[in-house]
Amino acid sequence: YVDSNLPAGTVAEQNPAGGTNEEIAVDTRITLGISRGPSDKSKSLTIDGLPTDTTQAYKVEVYLRPNDTFVTSITVNPGQSEVEVTVTGSGIQYYKIVIPGKSPVIKEVDFTK
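Structure report, in brief. All of these numbers come straight from a predicted model, not from anything done at the bench. Residue positions within a chain follow its written sequence, with the count starting from 1. Confidence filtering applies because this is a predicted model: local features only for residues at pLDDT of at least 70, side-chain atom pairs given and counted only at 80 or more, and all residues used for totals across whole chains, interfaces and linings. Where side-chain values are given, they derive from all heavy atoms of the structure, hydrogens and water being excluded.

## A word on the packing of aromatic side chains
Inference 1: Between rings of Phe, Tyr and Trp, where Trp is taken as its six-membered ring, a pair exists when centres lie within 6.5 Å; planes separated by under 30 degrees are stacked, by over 60 edge-to-face, and by other angles tilted. Taken as a whole and judged by the stated rule, the model has one aromatic pair.
Inference 2: Ring geometry for Tyr 63 and Phe 70: centres 5.6 Å apart, planes at 70°, overall edge-to-face.
Inference 3: Residue Phe 70 is classed as partly exposed on the basis of its relative accessible area, which comes to 45%.
Inference 4: Working rule: Lys NZ or Arg CZ, within 6 Å of ring centre, within 35 degrees of ring normal, means a charge sits over the ring. The cationic tip of Lys 96 hangs over the ring face of Tyr 63; the distance from NZ or CZ to the ring centre is 5.6 Å. Burial here depends on accessible area, computed with a 1.4 Å probe over protein chains only, as a share of the maximum for the residue type. Under 20% is buried, over 50% is exposed, and the range in between is partly exposed.

Structure representation (structure tokens):
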């Protein structure tokens, strides 16, 4: 297995190189490097549009879509209009943000950039 940003199980390396019309001997050993998949990265997720008219602290919850796996909760103090949380993943992932008294919001995080 090799480190690669390709999806896990994908051929990332080949020796001799593929993609040519060259013939090789019948007994030539062909070596394939199979991708382990992209490694997880950490990114900051900004949660904005928070109610600022509250007089008490409240919790915002973050879930990983599509199965709504709980990720974290963060306490929001009165007057805060946004907070940041650190999320870890790979590829493109979607997070459901639950803010008390508001409809849930879905945020995309692109870990490939």
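## Digging into the pairing of strand 7 (residues 92–98)
Inference 1: Strand pairing follows a simple DSSP-based rule, namely that at least 2 bridges must link the two strands. A helix here means a DSSP run of H or I that spans at least four residues, while a strand means a run of E at least two residues long, and both kinds are numbered starting from the N terminus. As defined by bridge partners, strand 4 (residues 58–64) adjoins strand 7 across four bridges and the pair is classed as antiparallel. Within strand 7, the position partnered with Glu 61 by the bridge is Val 98.
Inference 2: The pairing of strand 7 with strand 8 (residues 105–110) spans six bridges and is antiparallel. If you follow Ile 92 over to strand 8, its bridge partner there is Asp 110.
Inference 3: Taking the residues that link successive antiparallel strands as the turn, the strand 7-strand 8 hairpin has six residues, and the phi of Gly 101 there is positive, at about 80°.

## Some points on the side chain of Lys 96
Inference 1: Along the chain, Lys 96 turns up in strand 7.
Inference 2: By the criterion applied in these results, polar contacts are pairs of N or O atoms within 3.5 Å in which, for protein atoms, one can donate a hydrogen and the other can accept it, and in which residues neighboring in sequence qualify only through two side-chain atoms. Here the side chain of Lys 96 touches Asp 68 through a polar contact of 3.1 Å, side chain to side chain.
Inference 3: Ignoring anything within four residues of it in the chain, the contact list for Lys 96 reads Glu 61, Val 62, Tyr 63, Arg 65, Asp 68, Pro 104, Val 105 and Ile 106. Only heavy atoms enter the contact rule, under which two residues are in contact if any of them lie within 4.5 Å.

## Concerning the sheet that holds strand 8
Inference 1: Pairing is antiparallel across the open sheet formed by four strands, whose spatial order is 5-4-7-8. Two strands in the sheet have a free side with no partner beyond their single neighbour: strand 5 (69–76) and strand 8. Ignoring which end each strand starts from, the neighbouring axes of this sheet average 25° apart.
Inference 2: Of the pairings in the sheet, the one linking strand 4 to strand 5 comprises seven bridges and is antiparallel in character. Considered in strand 5, the bridge of Glu 61 is made with Ser 73. Think of each axis as a best-fit line through the C-alpha atoms, taken over the contacting stretch in the case of a helix, with angles from 0 to 180 degrees between the N-to-C directions.

## Describing the environment of Pro 104
Inference 1: With respect to the helices, strands and loops of the structure, Pro 104 is situated in the loop between strand 7 and strand 8.
Inference 2: Considered as a pair, Pro 104 and Val 87 are 17 residues apart in the sequence and their alpha carbons are 18 Å apart.
Inference 3: Those residues in contact with Pro 104 that lie beyond four places of it in its chain are Lys 96 and Ile 97.

## Concerning unusual backbone geometry
Inference 1: In this chain, Asn 15 is followed by Pro 16 through a cis amide linkage whose omega measures 0°.
Inference 2: Relative to the elements of secondary structure, Pro 16 occurs in the loop between strand 1 (11–15) and strand 2 (31–34).
Inference 3: Between Arg 65 and Pro 66 the backbone carries a cis peptide bond, its omega angle lying at 5°.
Inference 4: With respect to the secondary-structure elements, Pro 66 resides in the loop between strand 4 and strand 5.
Inference 5: Although it is not a glycine, Asp 68 adopts a positive phi angle of roughly 55°.
Inference 6: Within the secondary structure, Asp 68 is located in the loop between strand 4 and strand 5.

Just distances and angles here, no functional claims.
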